[in-house]
Amino acid sequence: MTVDWGWFPDHQSDLVTLTLDHLSTAVPAVLFGLLIALPLAVIAHRVRALRGLLLGLSNILFTIPSIAIFVLLLPITGLTRTTAITGLTIYTLVVLLRNTVEGLDSVPTKVREASTAMGARPLRTLLTVELPLAFPVIMAGVRVATVMAISLVSVASYIGYGGLGQLFTDGFQRNYPTPVVAGVLLSLLLALVADAVLVTFQWLCTPWLRRRA
């Protein structure tokens, strides 16, 4: 396999555009997934009877092939970016929901009881005690979901919103490996940079862990 490295500077503008397009699909999917997963995780944590149902449902959704999800969404949302974001959001839920539940479960019962004894209402305990203590576990799920979303955006090229995935399609159709290599390298770079940003964000948001270290 021969890679034409001179192709990269000649298509720099296109690569930047496709990279930004890739991010504009992956990032909202993770954010929407987190917004949905947080309240569902709180319900699963507080109402044990619903825990198995919610986690099981998210697992079932995860087993559906990504292309099949896009096809099922097409009659509803059409050939739009909404279809790509919605499909990816569904995929992020299984990771985000499970990690958020596990994070809340990891909060010591005595800590919750102490907060209640000090007169804090359940919502305040959740926001000021449980979620901060569960934050590292939740962020671990966000990191996995982000990397997963970045890798799956390419599948959305089937409906025209695959970002860097368009390079794969172009390379395969023309039997020209250079765009494929470019897509792989840029997807990998995006995943690494996104993970580094999230690690830094977690580090800044958890000063108590830094002091402990």
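Use the structure listed above.
These figures come from a predicted structure and were not determined experimentally.

**As for the packing of helix α8 (residues 165–174) against helix α9 (residues 177–205)**
Running from amino to carboxyl end, α8 crosses α9 at an angle of 160 degrees, the nearest separation of the two axes being 7 Å. Accordingly, the angle class assigned to the pair α8 and α9 is roughly antiparallel. Considering only the axes of α8 and α9, their crossing is left-handed. Of α9, the residues touching α8 (which contributes Leu167, Phe168, Asp170, Gly171, Phe172 and Arg174) are Pro179, Val180, Ala182, Gly183, Val184 and Ser187. Of the residues in the contact of α8 with α9, the class split is seven nonpolar, three polar and two charged.

**Concerning the pattern of salt bridges**
Applying the stated criterion to the full structure yields six salt bridges. The residue Arg46 makes a salt bridge to Glu130 at a minimum N-O spacing of 2.7 Å. With Arg46 in helix α2 (residues 12–46) and Glu130 in helix α7 (residues 122–152), this residue pair connects regions lying 84 residues apart in the sequence. A relative accessible area of 40% means that Arg46 is categorised as partly exposed. Since its relative accessible area comes to 1%, Glu130 is described here as buried. Notably, a salt bridge pairs Arg174 with Asp170, separated by 2.9 Å at the nearest N-O pair. Taken as a pair, Arg174 and Asp170 lie in helix α8 at a separation of four residues, close to a single helical turn. Ionic contacts of the salt-bridge type, sharing partners, join the residues Arg48, Arg51 and Asp105 into one network.

**A look at the layout of surface pockets**
Of the pockets and cavities examined, the largest pocket occupies roughly 310 Å³. Val30, Leu31, Leu34, Val142 and Leu198 are the residues nearest the centre of the largest pocket, which is lined by 16 residues in total. Take the lining of the largest pocket: its biggest share by element is seven residues, from α7. Its residues assigned to classes, the lining of the largest pocket comprises 15 nonpolar, one polar and no charged.

**Quick look at the nonpolar core**
One finds Leu97, Val142 and Leu167 to be the most contacted residues of the largest nonpolar core, which totals 46 residues. Within the residue set of this core, elements represented by two or more residues are α1 (7–10), α2, α3 (48–63), α4 (66–77), α5 (81–105), α7 and α9. In terms of residue count, α7 provides more of this core than any other element does, eleven residues in total. Setting aside residues no more than four positions away along its own chain, Leu97 makes contact with Ala37, Leu40, Ala41, Leu54, Leu55 and Ser58.

What counts, and where the lines are drawn
- Residues numbered from 1 in each chain as written.
- Predicted model: local features only at pLDDT ≥ 70, side-chain atom pairs only at ≥ 80, totals over all residues.
- Heavy atoms only, no water.
- Axes fitted to C-alpha atoms, helices over the stretch in contact; angles between N-to-C directions.
- Helix = DSSP H or I, 4+ residues; strand = E, 2+ residues; numbered from the N terminus.
- Parallel < 35°, antiparallel > 145°, perpendicular 65-115°, else oblique.
- Left-handed = near helix turned anticlockwise from the far one by under 90°.
- Contact = heavy atoms within 4.5 Å.
- Nonpolar A, V, L, I, M, F, W, Y, C, P; charged D, E, K, R; others polar.
- Salt bridge = Lys/Arg side-chain N within 4 Å of Asp/Glu carboxyl O.
- Buried < 20%, exposed > 50% of the residue type's maximum accessible area, 1.4 Å probe, protein only.
- 1 Å grid on protein atoms, 1.4 Å probe; cavity = no way out; pocket = protein on both sides within 12 Å on 5 of 7 lines; lining within 4 Å.
- Points joined across faces, edges and corners; volume = space filled by probe spheres on them.
- Core = buried A, V, L, I, M, F, W, Y, C linked by side-chain atoms within 4.5 Å.

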